[in-house]
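This is what each chain is made of:
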Amino acid sequence: MRWDTVIGLEIHVQLSTVTKIFSGASTLFGAKPNSQACAVDLAMPGTLPVLNSKAVDHAIMLGLAIDAEIPSISVFERKNYFYPDLPKGYQTTQLERPVIGKGKIPIVLEDGTIKEIRIHHAHLEEDAGKSLHTGDFDSELSGIDLNRAGIPLIEIVTEPDLSSATEAVIFAKKLHSLVTSLGICDGRMAEGSLRFDVNVSVRPNGTNELGTRTETKNLNSFKFMEEAILLEVGRQIDILENGGSVIQETRLYNGETKTGYSMRSKEEANDYRYFPCPDLLPVAITASHLKKIRQTLPELPDERSTRLVADYGIGKSEANLLAVTKELSEYFETVAITSKNANQAANWTLGELMSRLNAANLPIIESPVSAEELGILIRRICDDTISGKIAKQVLDAIWKGEGTTDVIIKERDLKQLTDTKALNKIVTSVISDNPKMVSDFINADPQRRKKKLGGLMGQIMKRSKGQADPKRANDLLSHKLHQIINGEGN
Amino acid sequence: MKLKRDDVTQLGILAKLAIDENTINDIKSRLENVLELVNQLQTADTVNIDPMAHPQQGFQALREDQITEENDQKAFQKLSKDVQNGLYLVPKVIE
């Protein structure tokens, strides 16, 4: 039987505020345990929360960016549960009246079609602290670090509109690009700034009724998310095809062992006893405040992509890739302007540069090759000073800090061989040294000659140490071979 | 609504309160009175009334996103029974 996959996501986005959502304690990552947990975060008696205006503004920015309803009133509620890293005994969150209502995020699928993913709602809440179950203490105990308690989060809940692990990852990357472009989240997934919970179910191909779903929590990389979904889909199909039934449960995924497991041994109906938080009044968002925030919205990835196509004439798929972050598109724009060749700028930025950055695990802003330098390098390809192949060697040298484009070309004598006399000499010697290849070319039918020509070109490039101007060498070679064919001698 | 003696005992367990056998009947009748009051409230027609978010009129005051708290960790951790390397230690609870 064929099965359809149905996926919905819940995403926790840590907001990049300086202080917590309800207290003036710092949110800086990596501080010593409990050095950033103040009386409010520790739920000391008599303390009261005061809402951080920046957290609300960040939520509004997200709401505007995803074309969502932003109600004029939203209300905080208490979600009651007992856990040691939640000192108050409840999480201050939103339920009935969240700050962001229905919205949508369009994604571009692999085949280029656009799919709109509906957002059910998004709400503001506080993060919990961290429990450490192993450490320099008795194994019967847990260590609690409350630095994270009270860090502002937006939880975004999608409708079950995603149909595969690939779509879920495309969506997750789009959301990452969106929140970092808005500047409301630093996007550092390894530090937990963006965490995904995936709800997965399967149903027989073509049917409408949803199957029983499971929720795999706390995935903090795109790779783990994809792996966890594929594993869970496979597990559910196995169960159903063997006549079993999927149990609704919360699961975890271990990215190191590549295994998933149930988090709760038996299904329990959670009763969080939500009620409006009496410590916080309703939050009002006025039309004039909305207007003010709308005016401060930065350029978003989709707008940026459209502009890159319009301003530089590059392809839509390249533009989408370059528009993912502000930093990457700014880099590209500088390369394009310096090189005066936008298509080459896009190719070199997305190809040679990105592959080196990915291999070195460096963000674009820490690129050892500046955008200006890459621009000059491309200019040297376009003005025929060097070939594309030599340019890759030069790029490696710039990357290692061995100099600038022009200095490296000069010092290493990499300038392309364009002199007709010198090229002629090489072409002639290659022809006379490779009679078999030449006769193969002559005897080949015209369609196959192109391939045979390539073999001889390879010899020319080899003999010139890659410095022969490929276009001129190719012209000379063709000319000479046709002279031979026409009996004009060599 | 009538409660059983077992209901009171169960509530005691959930609330982590030790309940003296001799007081169960008294607690039971007082809780029943509370439930009676709730029943009375349930009869009020609220169909066309918006739920009240807060008894006080007015809206939440917001604060600037500026650090106002100093690190008082030492003072707070003096209140804790068990602390190590800055962590509060508690009996292990793994869900």
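Everything in this summary refers to the structure shown in the same document.

Definitions and limits used
- Residues numbered from 1 in each chain as written.
- Chains lettered and ligands numbered in written order.
- Predicted model: local features only at pLDDT ≥ 70, side-chain atom pairs only at ≥ 80, totals over all residues.
- Heavy atoms only, no water.
- Contact = heavy atoms within 4.5 Å.
- Buried area = accessible area lost by both parts, 1.4 Å probe.
- Salt bridge = Lys/Arg side-chain N within 4 Å of Asp/Glu carboxyl O.
- Polar contact = N/O pair within 3.5 Å; in protein donor to acceptor, adjacent residues only side chain to side chain.
- Helix = DSSP H or I, 4+ residues; strand = E, 2+ residues; numbered from the N terminus.
- Axes fitted to C-alpha atoms, helices over the stretch in contact; angles between N-to-C directions.
- Parallel < 35°, antiparallel > 145°, perpendicular 65-115°, else oblique.
- Left-handed = near helix turned anticlockwise from the far one by under 90°.
- Nonpolar A, V, L, I, M, F, W, Y, C, P; charged D, E, K, R; others polar.
- Buried < 20%, exposed > 50% of the residue type's maximum accessible area, 1.4 Å probe, protein only.

### Here's the deal with the interface of chain B and chain A
In this complex, chain B contributes 34 residues to the contact, which on the side of chain A involves 53 residues. For the pair chain B and chain A, the summed buried area comes to about 3600 Å², and 60% of that belongs to carbon and sulfur atoms. Our enumeration of links across chain B and chain A arrives at one salt bridge. Note that Asp65(B) and Lys54(A) form a salt bridge whose closest N and O atoms lie 3.9 Å from each other. Across the contact surface, chain B and chain A share 21 residue pairs in polar contact (both at pLDDT 80 or more). At the level of secondary structure, the elements contributing two or more residues to the side of chain B that touches chain A comprise β1 (62-63), α3 (73-78) and β3 (87-91) of chain B. A total of five residues in the side of chain B that touches chain A trace back to one element, the largest contributor, which is β3(B).

### Overview of the packing of helix α7 (residues 326-339) of chain A against helix α9 (residues 371-382) of chain A
All names here are of chain A. At their nearest, the axes of α7 and α9 sit 7 Å apart, and the two run at 40 degrees to each other. As the angle between them shows, α7 and α9 are arranged oblique. Crossing of α7 over α9 shows right-handed handedness. Of the residues in α9, those in contact with Tyr331, Thr334, Val335, Thr338 and Ser339 of α7 are Ala371, Glu372, Leu374, Gly375, Ile376, Ile378 and Arg379. Classifying every residue of the contact of α7 with α9 gives six nonpolar, four polar and two charged.

### Details of the pattern of salt bridges
Residues and elements named next belong to chain A. Overall, the coordinates contain 38 salt bridges over all chains when judged by the stated rule. Notably, a salt bridge pairs Arg78 with Asp279, separated by 3.1 Å at the nearest N-O pair. One end of the pair, Arg78, is in strand β4 (residues 77-80); the other, Asp279, is in the loop between β15 (275-276) and β16 (283-284), with 201 residues separating them in the sequence. Between Lys392 and Glu352 there is a salt bridge; the shortest N-O distance is 3.7 Å. With a gap of 40 residues between them, Lys392 in helix α10 (residues 388-399) and Glu352 in helix α8 (residues 342-360) connect regions that are remote in the sequence. What makes Lys392 partly exposed here is its relative accessible area of 36%.

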